[in-house]
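Take a look at the letters that make up each chain.
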There are 2 protein chains.
Amino acid sequence: MAKVNVSIPQGTRDFGPDTVRKRNYIFNTIRAVFEVYGFQPLETPAMENLDTLMGKYGEEGDRLIFKILNNGLDNPDKLGQLKEDFEKVLQGKNVKGITERALRYDLTIPFARYVAMNHGTLTFPFKRYQVQPVWRADRPQKGRYREFYQCDADVVGSNALLNEVELISIYATVFAKLKIPVDIRMNSRKVLTGIAEVIDEPARIVDITVAVDKVDKIGVDGVKKELREKGIAEEKIAMLSDLVFFKAETIDAKKENINADKLNFIKNSSFYSKSAILREGISDIEYIVSQCELSGIDNISIDLTIARGLNYYTGCIFEVNAKDVKMGSIGGGGRYDDLTGLFGVPNIPGVGISFGVDRIYDVMEELKLFPAEVHTGTQVLFFNLGENESKAAFTLMQQLRSGNIRCEMYHETVKFDKQFKYAEKKNIPYTVIIGSKEIEEKTCIVKDIRNGHQQTVPVNKLTDFSFI
Amino acid sequence: MAKVNVSIPQGTRDFGPDTVRKRNYIFNTIRAVFEVYGFQPLETPAMENLDTLMGKYGEEGDRLIFKILNNGLDNPDKLGQLKEDFEKVLQGKNVKGITERALRYDLTIPFARYVAMNHGTLTFPFKRYQVQPVWRADRPQKGRYREFYQCDADVVGSNALLNEVELISIYATVFAKLKIPVDIRMNSRKVLTGIAEVIDEPARIVDITVAVDKVDKIGVDGVKKELREKGIAEEKIAMLSDLVFFKAETIDAKKENINADKLNFIKNSSFYSKSAILREGISDIEYIVSQCELSGIDNISIDLTIARGLNYYTGCIFEVNAKDVKMGSIGGGGRYDDLTGLFGVPNIPGVGISFGVDRIYDVMEELKLFPAEVHTGTQVLFFNLGENESKAAFTLMQQLRSGNIRCEMYHETVKFDKQFKYAEKKNIPYTVIIGSKEIEEKTCIVKDIRNGHQQTVPVNKLTDFSFI
């Protein structure tokens, strides 16, 4: 075998036919639901101006943005200028001389940039969805890639909680269509802010949410340990834990309405009367949960431990996990106050969700949920048995193709064996054979190579044959 | 209005909802035909190793490749190393220290790299299609972008001319489905090579093809002038021109079979007996044209002026132009001898075609060919008339959505006027209004805002209503 001396960059992937089809099945399912909910597609360029991206994802994020080299590196005429520019870079002055563009790091900032640029002509609320790759210079590891797709839907220009209800309903509908059993959990940043207020640590809200968010990974004791390390007093940790980590079952385990029990528990807690913002958060949650239950969504639950990491969320937050599969969340999102302020257009609030397509793919593989129809390869291989025979076969094949049957003709006249082997390797279920006898009789032989069954079909009846 | 201080990189574009939908109409039409012809989807990463791309597109191409900066530019610990590396770059030694990855420049080299990496496991002939963006640091101008989609289909691992016939048939089918009247023109590099041989300038084949290829832009006299400037003798130019630029009509203008006339003209010319490779090219063309005509393709014509620029083609070449629209070619392709030799895997021949999606889009806009169904925005806006009313509306809306009707509910309770205006701005054709009276009567009011017609429909009949 020849020596191949090529590879692809670490953390990137080729997607062969089978994988593309499975991924498209997921994307198309999600897209169709977005459309039914009145969301509209948007696509932004892979490259953004470096200024648009830098400073939006924290220091770590800035480092992980893939920057594009300005032109001229290979142009001897420009090397002098580049050298000067690079000296400036080395002095920490700026990097503009050598890079002014970068690959998008997520879909939210480009969306914000788009809304800021076009807010004069958009109709608000503006509901967009976007399914495109993003790039991060993260250290590649299992399940973490340097190029991966994000799949987002956002409504901007509206404070109405109806939007939260609709987005949760999109989650419920998409995962029902994909047949993935899920838990949709919700919380509100307002509640977390309220808790920080009540324990008199309002400035520690970030430390608290970051720690609480890790409960799935490090457990309740781990969270407590981290809070202790952050210097939060033991009695405050105890207060917070009682509320955040309670299990409804331990209180009043009427299985049929755990959400109501949780709401009651919170309302009866000492926190409730002490914080207006917490009460606001609880009221939001109560409305959303009741609306969801009204429309038949039975897999939404209130969970004060979800925090959505360091994100810019300010209101309700969501997280979706697949049941019975050990894996991180396969979806998440939340409400934010101000999408475009960073770009000079203040007061555009919004709420959005995201689907983790790589993880959804893995869950569907693990649970064997991809339907057989996803494998939409060639249905019929026409054998090539000589010049005249292949002409007859070609004419017939074109008729089937007009009826949207996926066909191929073997590319050259070779032994039956070789043509059968090609069909087998490519999982083509049917072969159609036309020899000189069949040309004379105006027939062809249709063989189902899955079971070996074969039959003679008049050529004028072939388009009626069911190739499934 | 707020001051917006953001933009997108020169030569890139945002695609809003309407444009995305029109582009997807084109992509989906093409993809569906590829599938019916047994082609399978492939996706490769946006980034390739710099080594994979450099040296494949000529010197100019190397310069136009967007290179990605290695990480560490913003990391003070690594700046020392970067400085050393940059010194090497300035000395022309190598650029690896600062860039090792680049954005793909076309889909062919990544496909070749994929085939080289996977040739041990692929089933040949391997028929793949690929629809992905590419990036070029070209000077942006009308119709030329720095990010644009390519849309390619290739068969590799087969010398059979059947593949050429199928690819032409794909062109004919796609453009018929898009309703774009086109001319599909074909030639063979073998014929051009033969001509260069016969005029005793075999080494000038590149100069000749480059010049001839420009005939659409600079005319026959322009081509002759260019050949003269390249130092080709006047009598050789005359010989060549007689064959390449003849018009069948000037010889024996039986309109009904110009291809046959052209073939006869070439076969009767002094070139035919003098060059084996020219005869081979003509024989290929003859077979392909006859097979195409047999399967009802009536818009294919032989044209010895097409050359496909500086490409790596070695056999048949194709070019597609829209009739009655002043624009460059909207498709092109051809046969090549050796796809993967550069990557250490020799002897994989192939043939491929490409669709110029941006130009196809412009042609369809100019000829107004996008069907009305492309505008698949929201079909129904449910009015929001209060808490109870919106609950009733929401329940009803969810029933319509289950039946794949695209619906929205106005996000807040406001005056009728404002809700109507929203529907109008978004071109939503229907509104459904449920007030307290309708709740009581279990009805709703359906209004077609295109003609103002409205009717009262029982809520249990709404799913039967035709929202078109």
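Our subject is the structure listed above.
These numbers were taken from a predicted model, which means no experiment stands behind them.

Undergrad: Looking at this structure, I do not really get the relation of the copies chain B and chain A. What am I missing?
TA: Between the two copies, chain B and chain A, the superposition gives an RMSD of 0.1 Å; the rotation angle is 180° and the shift along the axis is 0.0 Å. Such a combination of rotation and displacement between the chain copies is what one expects of a two-fold axis. Closest approach to the rotation axis within chain B is made by the C-alpha atom of B:Ile68, at a distance of 2.2 Å. Taken together, the interface assignments show that 100% of the residues at the interface of chain B recur at the interface of chain A, consistent with an identical surface on both copies.

Undergrad: When you look at the pattern of salt bridges in this model, what are you seeing that I'm missing?
TA: Oppositely charged side chains can pair when the atoms bearing their charge come close. For the structure on display, the rule yields 62 salt bridges over all chains. Between B:Asp18 and B:Lys22 there is a salt bridge, with the nearest N and O atoms lying 3.4 Å from each other. Of this pair, B:Asp18 and B:Lys22 both sit in helix H1 (residues 17-36), four residues apart, which is roughly one turn of the helix. On the basis of relative accessibility, which here comes to 9%, the residue B:Lys22 falls in the buried class. The closest approach of N and O atoms between B:Arg335 and B:Glu164, which form a salt bridge, is 2.6 Å. Within this pair, whereas B:Arg335 is found in strand S10 (residues 331-336), its partner B:Glu164 is found in helix H6 (residues 162-178), the two being separated by 171 residues in sequence. Because the salt bridges share partners, they merge into one network encompassing A:Lys127, A:Glu166, B:Arg401, B:Glu408 and B:Lys426.

Undergrad: It is not clear to me how the packing of helix H16 (residues 387-402) of chain A against H6(B) should be interpreted in this structure. Could you clarify?
TA: Describing two packed helices takes the angle between their axes plus the distance from one axis to the other. Between H16(A) and H6(B), the least distance of the axes is 13 Å, while the angle of their chain directions is 30°. Judged by the angle between their axes, H16(A) and H6(B) are roughly parallel. Seen along the crossing, H16(A) lies across H6(B) with a hand that is right-handed. Of the residues in H6(B), those in contact with A:Phe394, A:Met397, A:Gln398 and A:Arg401 of H16(A) are B:Leu162, B:Val165, B:Glu166 and B:Ser169.

Undergrad: So what exactly am I meant to see when it comes to the packing of H1(B) against H6(B) here?
TA: Residues and elements named next belong to chain B. Taken N-terminus to C-terminus, the directions of H1 and H6 make an angle of 140°; their axes are 10 Å apart at the nearest point. Classified by the angle their axes make, H1 and H6 are oblique. Once H1 is placed against H6, the crossing between them reads as right-handed. Contacts between H1 and H6 pair Tyr 25, Ile 26, Thr 29, Ile 30, Val 33 and Phe 34 from the former with Ile 170, Thr 173, Val 174, Lys 177 and Leu 178 from the latter. Looking at side-chain class alone, the contact of H1 with H6 contains eight nonpolar, two polar and one charged residues.

Undergrad: Hey, could you run me through the state of the cysteines in this one?
TA: Covalent bonding between the sulfur atoms of two cysteines is what defines a disulfide. Residues and elements named next belong to chain A. For the structure shown, the criterion picks out zero disulfides over all chains. A disulfide-free cysteine, Cys 444 has its sulfur positioned 11 Å from the sulfur of Cys 407, the nearest such atom. Cys 444 gets classed as buried once you look at its relative accessible area, which sits at 0%.

Undergrad: Hey, could you run me through the nonpolar core in this one?
TA: Inside soluble globular proteins, nonpolar side chains tend to come together where they are buried. In this structure, A:Phe382, A:Leu462, A:Phe467, B:Ile170, B:Phe175, B:Ile180 and B:Phe355 are the most contacted members of the largest nonpolar core, which totals 95 residues. With 10 residues, H6(B) is the largest single contributor of residues to this core. Sequence-distant contacts of A:Leu462, defined by excluding residues within four places in its chain, comprise A:Phe382, A:Leu396, A:Leu400, A:Cys444, A:Val446, A:Val457 and A:Phe467. Within the second largest apolar cluster, 93 residues are counted, among which are A:Tyr171, A:Ala172, B:Met409 and B:Val446.

Undergrad: I would appreciate a short explanation of unusual backbone geometry in the present structure.
TA: The phi torsion of most residues other than glycine is negative, and most of the peptide bonds are trans. All names here are of chain A. Cis peptide bonds are those with omega within 30 degrees of zero, and the linkage from Phe 124 to Pro 125 qualifies with -5°. Here Pro 125 is to be found in the loop between helix H5 (108-118) and strand S5 (126-135). One non-glycine residue, Asn 427, lies in positive phi territory at about 55°. Among the structural elements, Asn 427 can be located in the loop between helix H17 (416-425) and strand S14 (430-433).

Undergrad: Where do I start with the pairing of S10(B) in this structure?
TA: All names here are of chain B. S10 sits mainly inside the fold: six of its six residues count as buried. Residues Gly 331, Gly 333 and Arg 335 of S10 are buried on one face, and the alternating residues Gly 332, Gly 334 and Tyr 336, pointing to the opposite face, are buried as well. Strand direction decides the pairing type here: strand S9 (residues 316-322) and S10, joined by four bridges, are antiparallel. Across the sheet, Val 320 pairs through a bridge with Gly 331, a residue of S10. Sheet analysis places S10 next to strand S11 (residues 350-355), joined by six bridges and oriented antiparallel. In the strand pairing of S11, Gly 332 is matched with Ser 354.

Calculation criteria
Residues numbered from 1 in each chain as written. Chains lettered and ligands numbered in written order. Predicted model: local features only at pLDDT ≥ 70, side-chain atom pairs only at ≥ 80, totals over all residues. Heavy atoms only, no water. Least-squares fit on C-alpha atoms with pLDDT ≥ 70 in both. Contact = heavy atoms within 4.5 Å. Salt bridge = Lys/Arg side-chain N within 4 Å of Asp/Glu carboxyl O. Helix = DSSP H or I, 4+ residues; strand = E, 2+ residues; numbered from the N terminus. Buried < 20%, exposed > 50% of the residue type's maximum accessible area, 1.4 Å probe, protein only. Axes fitted to C-alpha atoms, helices over the stretch in contact; angles between N-to-C directions. Parallel < 35°, antiparallel > 145°, perpendicular 65-115°, else oblique. Left-handed = near helix turned anticlockwise from the far one by under 90°. Nonpolar A, V, L, I, M, F, W, Y, C, P; charged D, E, K, R; others polar. Disulfide = S-S within 2.5 Å. Core = buried A, V, L, I, M, F, W, Y, C linked by side-chain atoms within 4.5 Å. Pairing = 2+ DSSP bridges.

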